[in-house]
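Here is what each chain is made of, one letter per residue.
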Amino acid sequence: MHRTTWIELSSEALRHNASVVRQLAPKAAILAMVKANGYGHGANWVAEQLNSQANGFAVARLCEAMHLRDSNPQARILLLGTLLDREVLQECAQSQLDIVIHDLASAKLLANTPLATPITVWLKLNIGMNRLGMSAGEFCDAHHFLNSKSHIAGIQHMSHFSDAEEVDASLTLQQAKKLAELSASLGQHPISMANSAAIIAHPTTHCDWVRPGIMLYGDDPTQRLPAELALKPVMRFKSKIIAMRDVANGDGVGYNRRWTAAMPSRIATVAAGYADGYPRHAPDGTPVLVNGQRASLAGRVSMDLLTIDVSHLPHTAVGDEVTLWGEGLAAAEVGSHCGTISYELFTRITTRVNRYYS
Ligand SMILES: *Cc1c(COP(=O)(O)O)cnc(C)c1O
């Protein structure tokens with residue numbers, strides 16, 4: 001098969017990363033976050049690979065939940081905070097989706113909406129992010145509105161940390177305490193608060209359900225996992241060199257000649273650009289791998305192409321393979337050059353990029 005610009009997705013790496021979650025949080029159930037098409041990796045593929053390791057899956061949009069449900073008739077699927085109305089609630093019940101209730105109005109609406117089949121709700125407490133979630137008072141009201149209703153199969157309590165990757169744990173532990181204490185005052189309900197960073201750095205926050213996202217895909221947001229628990233990149237973003245040229249001292253490369261040769265140099269042109277999902281704002285010097293060796297971006301990324309300085313790699317030739325991120329070059333490192341994070345890089349791969357699952 002002819003490949004020009006593609007991603008390779010490794011089931012072995014994904015399952016390895018899930019096993020690290022399991023080791024770190026041996027007692028918690030695992031809710032694998034597969035929103036945004038499994039962080040760009042393919043939600044249905046991820047769900048299939050994690051079938052025996054995850055206890056459920058979570059997505060951010062109703063359309064994502066429906067798509068996942070089509071291929072996973074039995075799986076537990078949570079629809080994260082979204083805009084709810086009667087029709088959406090009925091659809092969630094019909095498709096047996098768990099839903100996050102993040103505001104009091106939705107709790108009231110749900111309390112007064114008869115459903116054909118009962119659903120499980122995850123009540124969300126705002127513990128400091130100030131994005132979604134109820135205040136303590138609203139949370140208790142919502143709990144009481146829904147608690148004894150026959151169309152509510154169960155109530156779980158959740159929250160989301162704002163700073164879980166920070167080295168100083170005090171804020172996260174304070175935030176965790178808010179949910180733990182409020183939940184305890186309402187009886188015995190399953191609790192969920194830990195994202196990847198908290199799974200890795202704050203074991204006391206694991207509670208009943210952990211919610212790993214980025215760590216499943218191979219990035220450790222804390223950068224503090226010991227070597228024996230190292231994660232493996234699931235996605236490898238690759239392309240090929242399609243042209244080579246020598247440039248003279250002072251020659252510019254690419255639009256507006258942003259990069260200028262400070263000495264006679266050799267430039268390789270790669271068949272990947274921002275229309276494939278490589279960030280246009282990547283600066284000169286952003287690393288790439290050519291045949292496994294480091295080289296750096298030279299010149300502005302264009303729609304279909306990017307250019308790299310391979311002066312130090314004299315054997316480079318047309319047809320050689322380039323890794324934009326993956327094994328040997330973490331997406332997080334590329335992201336750090338571009339003012340972004342692996343999450344955004346992964347979710348921006350576009351549809352013209354071929355996908356090879358192994
Ligand atoms: C995306 C998300 C997570 C996972 O976060 P990671 O940093 O990717 O582990 C957990 N909880 C909620 C509510 C989320 O939206």
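Residues numbered from 1 in each chain as written. Predicted model: local features only at pLDDT ≥ 70, side-chain atom pairs only at ≥ 80, totals over all residues. Heavy atoms only, no water.

*Asks:* Please provide a residue-by-residue account of the pattern of salt bridges, values included.
*Replies:* One pass over the structure, following the stated rule, counts 13 salt bridges. Here Arg76 and Asp98 are joined by a salt bridge, their closest N and O atoms 2.8 Å apart. Here Arg76, found in the loop between α4 (62-71) and β4 (77-79), pairs with Asp98, found in strand β5 (residues 98-101); they are 22 residues apart in sequence, far enough to count as distant. Salt-bridge contacts for Asp284 lead to Arg258; the nearest nitrogen and oxygen are separated by 3.1 Å. Taken together, the residues Asp284 in the loop between β13 (265-270) and β14 (287-290) and Arg258 in the loop between β11 (252-253) and β12 (259-260) connect sequence positions 26 residues apart. Classification of Arg258 by relative accessible area gives partly exposed; the value is 28%. Connected via shared salt-bridge partners are Arg3, Glu8, Lys238 and Glu321. (Salt bridge = Lys/Arg side-chain N within 4 Å of Asp/Glu carboxyl O. Helix = DSSP H or I, 4+ residues; strand = E, 2+ residues; numbered from the N terminus. Buried < 20%, exposed > 50% of the residue type's maximum accessible area, 1.4 Å probe, protein only.)

*Asks:* Lay out helix α10 (residues 331-338) in plain terms, naming residues and giving numbers.
*Replies:* Listed in full, the buried residues belonging to α10 are Ala331, Val334, Gly335 and Cys338. Along the long axis of α10, the arc covered by the buried residues comes to 100 degrees, so they all point the same way. (Arc of directions from axis to C-beta.)

*Asks:* Give me the lowdown on α4, citing residues and values where you can.
*Replies:* When we look at burial in α4, the residues that qualify are Leu62, Glu64, Ala65, Leu68 and Arg69. What you see down the axis of α4 is that its buried residues fit within an arc of 155 degrees, all on one side. Projecting away from the buried face of α4 at angles above 90 degrees are the exposed residues Cys63 and Asp70. Contacts made by the buried residues of α4 are with α2 (35-39), α3 (43-49), β3 (56-59), β4 and α5 (86-94). (Contact = heavy atoms within 4.5 Å.)

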